[in-house]
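For reference, the chains in residue letters:
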Amino acid sequence: MIKILFICHGNICRSPMAEFILKDMVQKQDLADQFYISSAATSTEEIWNGSGNPVYPPAKQELKKHGLSCGDKRAILLKREDYDKYDYLIGMDSANIRNMKRILGGDPQGKIYKLLSFAGSDRDVADPWYTGHFDVTYTDVESGCKGLLAFLMKQQASQSPETI
């Protein structure tokens, strides 16, 4: 099983979008049983008294426009022990990557990536909380997730061709 954790600042816009976009992609390719996909925050800003806020309504609406639901997803905080639990820890921007490394104690096994690197870009996924452009963020996240899935399938094929 491939375990992926998407991470952004508050876990109410970009990382939940990535979580549910990739879940939909693997479901459509009948690969859902080969993946565990989740998302988390580097900040406690959206987590109060141990309870996280739900996905931000405009992000939820953007997912819905594409036929996706994020259910009752609530923000959770990235923890140091997540480094050992996940194979891939994927941040949305450079600030996320810095904070992830601080929280996780570095990246000794090379598990931390920026999402758009899988789409051949070093750009950050812009935070729609500030830009208001949830459609642009969706397009960037979808592009990164497509590239990530292609990367993972290529890796899996090179390791064990009979499982594809």
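Residues numbered from 1 in each chain as written. Predicted model: local features only at pLDDT ≥ 70, side-chain atom pairs only at ≥ 80, totals over all residues. Heavy atoms only, no water.

A. Structural view of the overall build of the protein. A tally of regular secondary structure across the protein gives six helices and six strands. Mapped in sequence order, the helices and strands of the protein form the string β-α-β-β-β-α-α-β-α-β-α-α. Its C-alpha atoms give the protein a radius of gyration of 15 Å, within 12% of the compact-globule value 15 Å for 164 residues. Referenced to the eigenvectors of the C-alpha coordinate spread, the extents of the protein come out at roughly 45 × 40 × 30 Å. A buried classification covers 49% of the 164 residues belonging to the protein. Residue pairs in contact within the protein that sit at least 24 positions apart in sequence constitute 72% of those at least 6 positions apart. Carbon and sulfur atoms provide 50% of the accessible area of the protein, an area that totals close to 8,400 Å². Within the protein, the 21 negative side-chain charges are centred at a point lying 2 Å from the centre of the 20 positive side-chain charges. (Helix = DSSP H or I, 4+ residues; strand = E, 2+ residues; numbered from the N terminus. Rg over C-alpha atoms; globule rule 2.2 N^0.38 Å. Buried < 20%, exposed > 50% of the residue type's maximum accessible area, 1.4 Å probe, protein only. Contact = heavy atoms within 4.5 Å. Areas by Shrake-Rupley, 256 points an atom, 1.4 Å probe, with all protein chains shown as cover. Lys, Arg positive; Asp, Glu negative; His and termini not counted. Charge placed at Lys NZ, Arg CZ, Asp CG, Glu CD.)

B. Main features of the pairing of strand S5 (residues 88–91). Residue alternation in S5 divides its side chains into two sets, Tyr88 and Ile90 and Leu89 and Gly91, and both sets are buried. Note that S5 and strand S6 (residues 112–114) share three bridges and pair parallel. Within S6, the position partnered with isoleucine 90 by the bridge is tyrosine 113. Chirality of the crossover, the property in question, places the unit of S5, helix H4 (residues 94–104) and S6 among those that are right-handed. (Pairing = 2+ DSSP bridges. Right-handed = clockwise from strand over helix to strand, strands pointing away.)

C. A look at the environment of isoleucine 97. When you line up the elements, isoleucine 97 lands in helix H4. You can call isoleucine 97 buried: its relative accessible area is 14%. As for isoleucine 97 and cysteine 13, which are separated by 84 residues in sequence, their C-alpha atoms are 17 Å apart. Beyond its immediate sequence surroundings of up to four residues, isoleucine 97 is in contact with Gly91, Ile112, Tyr113 and Lys114.

D. Main features of the state of the cysteines. Considering all chains together, one arrives at zero disulfides under this definition. Distance from the sulfur of cysteine 8, which forms no disulfide, to the nearest cysteine sulfur (cysteine 13) is 6.9 Å. For cysteine 8, a relative accessible area of 2% corresponds to the buried category. Among the cysteines around cysteine 145, which has no disulfide bond, cysteine 8 carries the closest sulfur, lying 12 Å off. According to the relative accessible area criterion, cysteine 145 is buried, its value standing at 0%. (Disulfide = S-S within 2.5 Å.)

E. Region of the structure containing the sheet that holds strand S2 (residues 35–41). What the four strands build is an open sheet, ordered S2-S1-S5-S6; its pairing is parallel. On the outer flanks of this sheet lie S2 and S6, each paired with one strand and no other. Going across the sheet, the axis of each strand differs from the next one's by a mean of 25 degrees, ignoring polarity. Pairing analysis gives four bridges linking strand S1 (residues 2–8) to S5, with the strands arranged parallel. Across the sheet, isoleucine 7 pairs through a bridge with glycine 91, a residue of S5. Across the face of the sheet, helix H1 (residues 14–28) comes into contact with S1 and S2 while running at roughly 170 degrees to S2. On top of the sheet, helix H6 (residues 134–159) reaches S1, S2 and S5; it is set at about 155 degrees to S1, its chief contact. (Axes fitted to C-alpha atoms, helices over the stretch in contact; angles between N-to-C directions.)

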